[in-house]
Each structure stands twice: as structure tokens, then as C-alpha cells.
Number of protein chains: 2
Amino acid sequence: MPRSKGPAQPPAETGPAAARHLPEATLVRLTQYLRALTELREAGRARASSEVLAEAAGVNSAILRKDLSLLGSYGTRGVGYETEVLAQRITECLGLTHEWRVSIIGAGNLGRALSGYGGFRNRGFSVVALFDASPDLIGRDVNGLRVANVAFLEDVLTFTRTNMAVLAVPGPVAQGLVDRVVRVGVRSILSFAPVVLQVPEGVTLRKVDLATELQILAYHAQQAAHADPERS
Amino acid sequence: MPRSKGPAQPPAETGPAAARHLPEATLVRLTQYLRALTELREAGRARASSEVLAEAAGVNSAILRKDLSLLGSYGTRGVGYETEVLAQRITECLGLTHEWRVSIIGAGNLGRALSGYGGFRNRGFSVVALFDASPDLIGRDVNGLRVANVAFLEDVLTFTRTNMAVLAVPGPVAQGLVDRVVRVGVRSILSFAPVVLQVPEGVTLRKVDLATELQILAYHAQQAAHADPERS
């Protein structure tokens with residue numbers, strides 16, 4: 001479907017800058033609202049109040065209303081939000097009307113886990129290729145994908161029209177693979193390698209470090225313990 | 001080692017509240033500084049300038065100085081930061097002087113990937129148990145851990161003194177497992193299940209949804225394309 005950015009714009013008084021740079025926390029919540037809306041629509045709900053939607057998303061309803069107002073989406077008093085319209089607005093805001101063709105590089109446990117992750121396809125992402133360097137894995141069928149030889153990375157990325165690459169490889173080989181991926185024009189990269197990676201301007205790189213998630217959890221757990229010592 | 005929170009306190013004028021609630025983005029960067037400091041120390045560097053540290057962490061040096069000032073850590077002009085002292089302050093701030101004993105529930109591809117993740121141990125986390133419900137996996141050796149039967153979850157969590165649980169299981173079974181984990185006193189839970197989970201007050205739950213990461217990447221990629229259309 002053609003990308004119509006109209007509905008994704010914030011109210012005029014907010015200005016386009018706000019649409020350009022939504023806070024990370026808001027982005028995370030938007031993805032939660034989108035998941036909740038999908039569930040509500042599958043349950044046949046054409047409308048949902050901010051309370052119902054907030055409950056389904058596991059978020060405070062006042063925060064939800066504030067987030068959605070940034071997209072110019074205001075619920076109707078007594079009616080709430082139209083689930084289909086709102087899902088479409090969030091989808092457009094997140095850039096998911098774009099067709100994302102994802103190649104996963106690295107068919108180890110993590111790469112295989114990602115290739116089999118059910119949450120991708122129904123949220124605008126198609127996994128089109130899975131790569132590895134190991135002769136034991138190349139040619140094997142993993143979740144319906146045949147593991148491709150990373151030696152042919154450039155050709156397969158081009159052939160599959162990949163526009164998003166996910167790196168599930170050891171740190172030492174990550175930068176070299178990033179460089180190869182960028183050279184064939186892929187501008188969106190998600191890396192699970194726990195190393196700092198350099199990309200040229202115009203390429204968007206996002207890093208997920210599983211140890212970071214544990215460390216942030218540890219921090220919040222410590223704060224909770226301080227806030228209420230008897231619970232620690 | 002006993003937890004000394006002294007050095008983790010912010011400058012007096014900032015007030016303890018600031019120490020209690022560091023912004024998420026700052027927390028993520030602190031984990032990046034900690035990783036960079038570990039690398040620098042392994043390379044024998046006793047001191048590092050904010051520029052060197054920022055470069056190693058892949059962060060802007062002005063932001064780094066601002067972040068570290070929140071911990072009351074100020075580099076000495078011409079000398080920089082003492083890598084060991086700074087690493088210790090960040091470690092204390094993140095609550096990593098606490099011994100985190102992690103049990104991973106779910107020994108599928110993701111659980112196996114997590115159990116083998118090298119980045120945990122040297123950052124204060126020991127994986128002490130790995131669980132699954134499948135007879136094909138129970139008893140198997142995975143990364144030096146024998147897969148335990150989830151039927152005995154409570155006993156093993158208690159026996160291993162687990163204080164952090166990681167859920168790598170399908171959505172439908174996640175809440176039931178969270179309830180069981182909480183019942184034996186585990187107060188820190190990291191979930192990879194793409195569902196909303198309820199925990200009682202005093203329990204810290206952090207969710208990682210791999211699709212969320214892709215959606216946030218998609219948003220930033222879209223913004224980069226808008227900012228410079230010729231690059232899209």
C-alpha cells in the first residue's frame with residue numbers, strides 16, 4: 001500500500017519536529033499499542049476505550065492518551081479509538097507500511113531463534129534469507145529457509161532485495177559484515193554483536209546487547225529494593 | 001565484595017533522586033562505558049581521557065562527561081579518568097556488585113543462545129540453571145549446563161539461589177511461569193515472550209521483544225530517509 005504520512009502527522013501546533021523525533025520510550029509503547037490493537041481486532045473489537053487499550057498494552061491510560069495525541073489521534077469521548085484506524089496510524093508512524101525484507105546473518109542459536117520468531121511477519125517484516133559461514137549449516141533448512149553461504153552475501157542480499165540486515169554473529173566478524181552489507185545498499189542494520197560498530201552517514205544501525213538488558217534490569221531491581229528495603 | 005554505594009551517589013546538589021532514576025538512555029550508555037572500560041583495563045590502560053573512553057564506547061564525549069557527572073565522577077584535566085575507579089563506580093551504580101544468579105527458562109534456540117552468551121559472566125551474571133519442558137531437551141548438556149525439567153522449577157530455583165529469571169518461552173506459557181518464579185521469591189525477571197505479563201509490586205519485570213527492536217529500527221530508518229530523501 002502507498003505510504004500516506006498524513007494521519008501520522010502530529011497536531012499542527014506540535015510541529016513536524018515532534019513527528020521526526022519521538023522519544024525512545026514512546027516508540028517502545030507505540031509498538032505495544034500496535035500489538036494490543038492487533039489482538040483486539042482479531043477479537044472483533046472495532047473500537048476500544050483508552051482504558052481497554054492501555055490494559056491490553058500493559059500501559060497507564062493517561063500515558064497512552066498523551067502518546068497517541070502526539071500522532072494526532074484523539075479518542076472520541078464515550079466511543080474511544082477505532083482500532084483499525086489507530087493501528088494504521090501507528091503503522092504509518094513507525095514506517096511499517098514500507099515492506100521490510102530482512103536477511104539474518106548468522107545461523108547459530110540466536111540467528112535460528114530470530115528466523116523462527118513468529119512476531120515478525122504480522123508486523124511488517126519478512127525474513128527473506130539466513131546466512132552462515134559454517135559448512136555444517138550451509139544448505140540446511142531452518143524454519144523454511146535454506147541457510148545461504150555468507151561468501152555469496154552480496155549476491156543474495158541483492159537478489160532478495162533485502163533492505164534490513166540483522167547480525168547474529170560473534171563480535172570479531174561483525175564490522176566486516178556490516179561493511180559488506182552497507183556496500184550493497186542496505187541502510188538499516190540491527191546488530192546483536194556486543195561490539196561498537198561504525199556505519200557511514202545515512203545508514204541506521206541499532207544494537208541489541210543482551211547483557212545490557214540484564215544490567216538495566218539489575219539497576220531497576222536495585223532501585224526497587226532501595227525504595228522498599230523490606231522487599232529486597 | 002560488600003556493596004559500597006558511596007561512590008555511586010551523585011554530587012550533593014543533584015540530590016539522591018537523580019541517583020534513583022537515571023534516564024533509560026543514560027543506563028544504556030553506562031553499560032557501554034563499562035564494556036569499554038573493561039577493554040581498556042585489559043589493554044593495561046590505568047587512565048583514559050573522556051575522548052578515548054567515548055571513542056571506545058562509541059558515544060559522544062560531551063554526553064559521556066555529562067553522564068559520568070551524574071555519578072559524581074569527574075575526569076582530571078590532562079589525566080582523564082582512572083579506569084578501575086570509574087568501572088567500580090558504574091558497577092555499583094548499576095547494582096552489579098550484587099551477585100546475580102540467573103536461571104534461563106526455555107532451552108529452545110533463544111534459551112540456548114542466551115545460556116551460551118559470553119557477555120554475561122564478566123559483567124556480574126552467572127547462569128546457574130537452564131530449564132525446559134521437552135523430554136528431548138531435559139538432561140541434555142547445553143553450554144556446560146544440564147537442562148533441568150521445568151516440572152521441578154521451584155526446587156531448582158531455590159537450590160541454585162536464583163535471584164534473576166530469564167524467560168525464553170512461548171507467550172501462552174509465560175504468565176504461568178512468571179507466577180511460579182515469583183512465588184519462590186525471585187524479584188527480577190527478564191522476559192523475551194511477546195506478551196503482556198503481570199507481576200506483583202516489588203518484582204521488577206523487563207521485557208525484550210525482538211519485533212519491537214525491528215520496529216524501532218524501522219522508525220529511525222524512515223526518519224533518516226526523510227531527513228535526506230536521496231539516501232532513501
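Residues numbered from 1 in each chain as written. Chains lettered and ligands numbered in written order. Predicted model: local features only at pLDDT ≥ 70, side-chain atom pairs only at ≥ 80, totals over all residues. Heavy atoms only, no water.

Under the annotation held in an unreviewed UniProt entry, chain A carries the name Redox-sensing transcriptional repressor Rex and is attributed to Zafaria cholistanensis. Chain A has a UniProt comment under Function (unreviewed entry) that states "Modulates transcription in response to changes in cellular NADH/NAD(+) redox state." UniProt annotates chain A under Sequence similarities (unreviewed entry) with the comment "Belongs to the transcriptional regulatory Rex family." (UniProt positions renumbered as here; feature names shortened; annotations may be inferred.)

1. Some points on the overall build of chain A
When helices and strands are tallied, chain A shows nine helices and 10 strands. A burial count over chain A gives 51% of its 232 residues as buried. Contacts in chain A between residues far apart in sequence, at least 24 positions, make up 58% of those at least 6 positions apart. (Helix = DSSP H or I, 4+ residues; strand = E, 2+ residues; numbered from the N terminus. Buried < 20%, exposed > 50% of the residue type's maximum accessible area, 1.4 Å probe, protein only. Contact = heavy atoms within 4.5 Å.)

2. Digging into the interface of chain B and chain A
Facing the 65 residues of chain B at the interface are 66 residues of chain A. Applying the counting criterion to the chain B and chain A interface returns two salt bridges. Between B:Glu213 and A:Arg206 there is a salt bridge whose closest N-O contact spans 2.6 Å. At the junction of chain B and chain A, the tally comes to eight residue pairs in polar contact (both at pLDDT 80 or more). Per element, the largest residue contribution to the side of chain B that touches chain A is 16 residues, and it comes from helix H9 (residues 210-227) of chain B. Of the residues in the side of chain B that touches chain A, the class split is 35 nonpolar, 15 polar and 15 charged. (Salt bridge = Lys/Arg side-chain N within 4 Å of Asp/Glu carboxyl O. Polar contact = N/O pair within 3.5 Å; in protein donor to acceptor, adjacent residues only side chain to side chain. Nonpolar A, V, L, I, M, F, W, Y, C, P; charged D, E, K, R; others polar.)

3. Side note on the sheet that holds strand E8 (residues 164-167) of chain A
Residue and element names in this part refer to chain A. Ordered by their spatial adjacency, six strands build an open sheet running E7-E4-E3-E8-E9-E10, and the pairing between neighbours is parallel. Both outer strands of the open sheet, strand E7 (148-149) and strand E10 (204-207), are each paired with one neighbouring strand and no more. In this structure, strand E4 (residues 125-132) lies alongside E7, joined through two bridges in parallel fashion. Bridging from a neighbouring strand, Phe131 pairs with Ala148 of E7. Together, strand E3 (100-105), E8 and strand E9 (188-191) form the strand contacts of helix H8 (residues 171-183), whose direction differs from that of E8 by roughly 170 degrees. (Pairing = 2+ DSSP bridges. Axes fitted to C-alpha atoms, helices over the stretch in contact; angles between N-to-C directions.)

4. Here we look at the relation of the copies chain B and chain A
The two copies are related by a screw motion: chain B maps onto chain A through a turn of 180 degrees and a shift of 0.0 Å along the axis, at an RMSD of 0.1 Å. Classification of the inter-copy transformation places it as that of a two-fold axis. If distances are taken from each C-alpha of chain B to the rotation axis, the shortest is found for B:Asn109, at 2.4 Å. Taken as a fraction of all interface residues of chain B, those also at the interface in chain A reach 100%, which identifies the copy contact as same-surface. (Least-squares fit on C-alpha atoms with pLDDT ≥ 70 in both.)

5. A look at the domain arrangement of chain A
The domain boundaries assigned to chain A delineate domain 1 (16-93) and domain 2 (100-212). The centre of domain 1 of chain A, based on its C-alpha atoms, is set 30 Å off from the matching centre of domain 2 of chain A. (Domains from an automatic or database assignment.)

6. Some words on the environment of B:Gln215
Tracing the backbone shows B:Gln215 in helix H9. Considering only alpha carbons, one finds B:Gln215 and B:Tyr33, 182 residues apart in sequence, at a separation of 26 Å. Excluding anything up to four places from it in sequence, B:Gln215 contacts A:Thr31, A:Leu34, A:Leu94, A:Leu96, A:Arg123 and A:Phe125.

7. Comments concerning the environment of A:Thr83
By secondary structure assignment, the location of A:Thr83 is in helix H5 (residues 83-93). Of the polar contacts made by the side chain of A:Thr83, one reaches the backbone oxygen of A:Arg45; its length is 2.7 Å.

8. Notes on helix H4 (residues 61-70) of chain A
All names here are of chain A. Of all the positions in H4, only Leu64, Asp67, Leu68 and Ser69 are classed as buried. Measuring from the backbone nitrogen of Ala62 back to the side-chain oxygen at the start of H4 gives 2.6 Å, which picks out Asn60 as the cap. The positive-phi residue at the C-terminal boundary of H4 is Gly72, with phi of around 80 degrees.

9. Some remarks on unusual backbone geometry
Its identity as a non-glycine residue notwithstanding, A:Arg161 has a phi of 50 degrees, on the positive side. Within the secondary structure layout, A:Arg161 lies in the loop between helix H7 (153-159) and E8.

10. Looking at the packing of helix H2 (residues 24-42) of chain A against H5(A)
All names here are of chain A. The N-to-C vectors of H2 and H5 enclose an angle of 145 degrees; their axes lie 10 Å apart at closest approach. Judged by the sense of rotation from one axis to the other, the crossing of H2 with H5 is left-handed. The residues of H5 that touch H2, namely those facing Leu30, Tyr33, Leu34, Leu37, Leu40 and Arg41, are Thr83, Glu84, Leu86, Ala87, Ile90, Thr91 and Cys93. Its residues assigned to classes, the contact of H2 with H5 comprises nine nonpolar, two polar and two charged. (Left-handed = near helix turned anticlockwise from the far one by under 90°.)

11. Considerations on the sheet that holds strand E9 (residues 188-191) of chain B
Whether parallel or antiparallel, the strands of a sheet pair through hydrogen bonds between backbone atoms. All names here are of chain B. One open sheet holds the six strands; their spatial order is E7-E4-E3-E8-E9-E10, and the pairing between them is parallel. Of all strands in the sheet, those with a lone pairing partner are strand E7 (148-149) and strand E10 (204-207), marking the two edges. Bridging between strand E3 (residues 100-105) and strand E8 (residues 164-167) involves four bridges; their strand directions are parallel. By the bridge assignment for E8, Val102 is matched with Met164. Contacts between helix H8 (residues 171-183) and the sheet are confined to E3, E8 and E9, with E8 contributing the most and set at about 170 degrees to the helix.

12. Here's the deal with the nonpolar core
Counting residues in hydrophobic clusters, the biggest one holds 106 residues, and the most contacted among them are A:Leu30, A:Leu68, A:Ile90, B:Leu30 and B:Ile90. If sequence neighbours within four positions are ignored, A:Leu68 has contacts with A:Leu30, A:Tyr33, A:Leu53, A:Ser73, A:Tyr81, A:Leu86 and A:Ile90. B:Ile105, B:Leu153, B:Leu167 and B:Leu177 belong to the second largest nonpolar core, which has 21 residues in total. (Core = buried A, V, L, I, M, F, W, Y, C linked by side-chain atoms within 4.5 Å.)

13. Concerning the pattern of salt bridges
All names here are of chain A. Enumeration over the complete set of coordinates arrives at 10 salt bridges over all chains. Of the charged contacts, one joins Glu51 and Arg65 as a salt bridge, the two residues approaching to 3.3 Å between their closest N and O atoms. Here Glu51 is found in helix H3 (residues 50-57), whereas its partner Arg65 is found in helix H4, with 14 residues between them in sequence.

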